[in-house]
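# Remarks on the overall topology
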Amino acid sequence: MKTGMEDARFGVAHLDRIALHYAEMGPEDGPLVILLHGFPDNCLGWRHQMPALAKAGFRVIAPDQRGYGVSGKPRGVKAYDLDELAQDVIALAHHFGEAKLRVVGHDWGASVAWWLCSTRPAAMEKAAMINAPHPAVWKQAMFADKEQRKKSRYVKMFRLRGIPEWAMRRKNYAALIEALEASARDGAFDKAEWEQYRRTWSEPKALTSMIHWYRALLKKDLSAPVARIDVPVLLIWGEKDEFADMSLAKQSIELCERGGTLFFGEGTHWVLREEPKPINDMLITFLRSDQE
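Residues numbered from 1 in each chain as written. Predicted model: local features only at pLDDT ≥ 70, side-chain atom pairs only at ≥ 80, totals over all residues. Heavy atoms only, no water.

## What to know about the pattern of salt bridges
To keep things clear, this is the line we draw: Note on definitions: salt bridges are taken to be side-chain nitrogens of Lys or Arg within 4 Å of carboxyl oxygens of Asp or Glu. Helix and strand labels come from DSSP, where a helix needs a run of H or I of at least four residues and a strand needs a run of E of at least two; each type is numbered from the N terminus. Think of it in three bands: with a 1.4 Å probe and only protein chains considered, a residue is buried below 20% of the maximum accessible area for its type, exposed above 50%, and partly exposed in between.
A full pass over the atoms with the stated rule returns 20 salt bridges. For Asp-281, the salt bridge is made with Lys-277, and the minimal N-O distance between the two is 2.6 Å. Here Lys-277 and Asp-281 lie together in helix 12 (residues 276–288), a separation of four residues that amounts to about one turn. When its relative accessible area of 34% is taken as the criterion, Asp-281 is described as partly exposed. By sharing partners, the salt bridges in this structure join Arg-17, Arg-66, Glu-84 and Asp-88 into a single network.

Shown next, in the form of structure tokens:
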């Protein structure tokens, strides 16, 4: 299978707080862009974006975030709090010599990007989020909004200890693979990818650490009103997302003083795989806009 990652360089960033495995593409002297994957993905989920951004001259770093793959997996739910996840990204940028962040996130990676914009705006140059609302908007809606309550039933089940891990692991991760295939357009995932996914999910403590991201969110108090976001934001959204209602996208972008949107009527939660060309073109334009 031609993956699009044949030119990637792989390494491990040993940060003060954690070690993060990463994929890298593009010139080492190019502007740094950090790509943050979501659940239950890993750095290779950016296979459609990394080559295009590298060709455009960016130095692209896509880490396996904490809890994923062979990256560090600290014990306990508190280790996966949004503040911990955001600090990892800042430390990773510093590791590569950048003080200001250009971040692109999908799913949970986009939640981290939102959180960076809300809580560490001085560290941010700009951020693009793909199919994830601001985490405060998301958490409030999963309890208060009828449609989002339905879409978020799986999140509340993650509060159970051990059972979600067992359900995902059985039959060689059949439930996870079926969920990914069912929530995407046909062809979004190549069947040859599943063995690579199984390997990352099989890493010791990986499933529990991945689910701890949700458990930490459920424990976090996000009831305070969200302050206005002044960081330039691009929100990309597949409108047929099974996990987040469209209304949450609109509520999230309304928090932004400088926010733009790109919506795909036939896109799903995995729109970054389904519409790579227009998404890559928009990301390049957005990321280049401070270099003119």
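## Focus on the environment of Gly-11
What counts is decided by this rule: Whether two residues touch is decided by their heavy atoms; if any such pair falls within 4.5 Å, the residues are in contact.
Residue placement: Gly-11 occurs in strand 1 (residues 9–14). Residue Gly-11 is classed as buried on the basis of its relative accessible area, which comes to 15%. The spacing of Gly-11 and Pro-63 is 52 residues in sequence and 9.3 Å in space, taken between C-alpha atoms. Among residues more than four places away in sequence, those in contact with Gly-11 are Leu-20, His-21 and Tyr-22.

## Thoughts on unusual backbone geometry
At the junction of Phe-39 and Pro-40, the peptide bond is cis and its omega measures out at -10° in the coordinates. Positionally, Pro-40 belongs in the loop between strand 3 (32–36) and helix 1 (50–55). Its identity is not glycine, yet Asn-172 carries a phi of approximately 60°, on the positive side. Note on placement: Asn-172 falls in helix 7 (residues 163–182). You can call Asn-172 partly exposed: its relative accessible area is 45%. For Tyr-173, which is not a glycine, the phi torsion comes out positive at approximately 65°. Relative to the helices and strands, Tyr-173 is located in helix 7. Under the relative-accessibility criterion, Tyr-173 is labelled buried at 6%.

## Let's talk about the packing of aromatic side chains
Each aromatic ring pair is characterised by the separation of its centres together with the angle its planes make. Inclusion rule: Between the rings of Phe, Tyr and Trp (Trp by its six-membered ring), a pair exists once the centres lie within 6.5 Å; its type follows the angle of the planes, with under 30 degrees stacked, over 60 edge-to-face, and the other angles tilted.
In the structure shown here, the tally under the stated rule is 18 aromatic pairs. A centroid spacing of 5.4 Å and a plane angle of 80° characterise the contact between Trp-108 and Trp-213, whose relative ring orientation is edge-to-face. Of the two residues, Trp-108 sits in helix 3 (residues 108–119) while Trp-213 sits in helix 9 (residues 206–219), which places them 105 residues apart along the sequence. By the burial criterion, Trp-108 is buried, and Trp-213 matches it.

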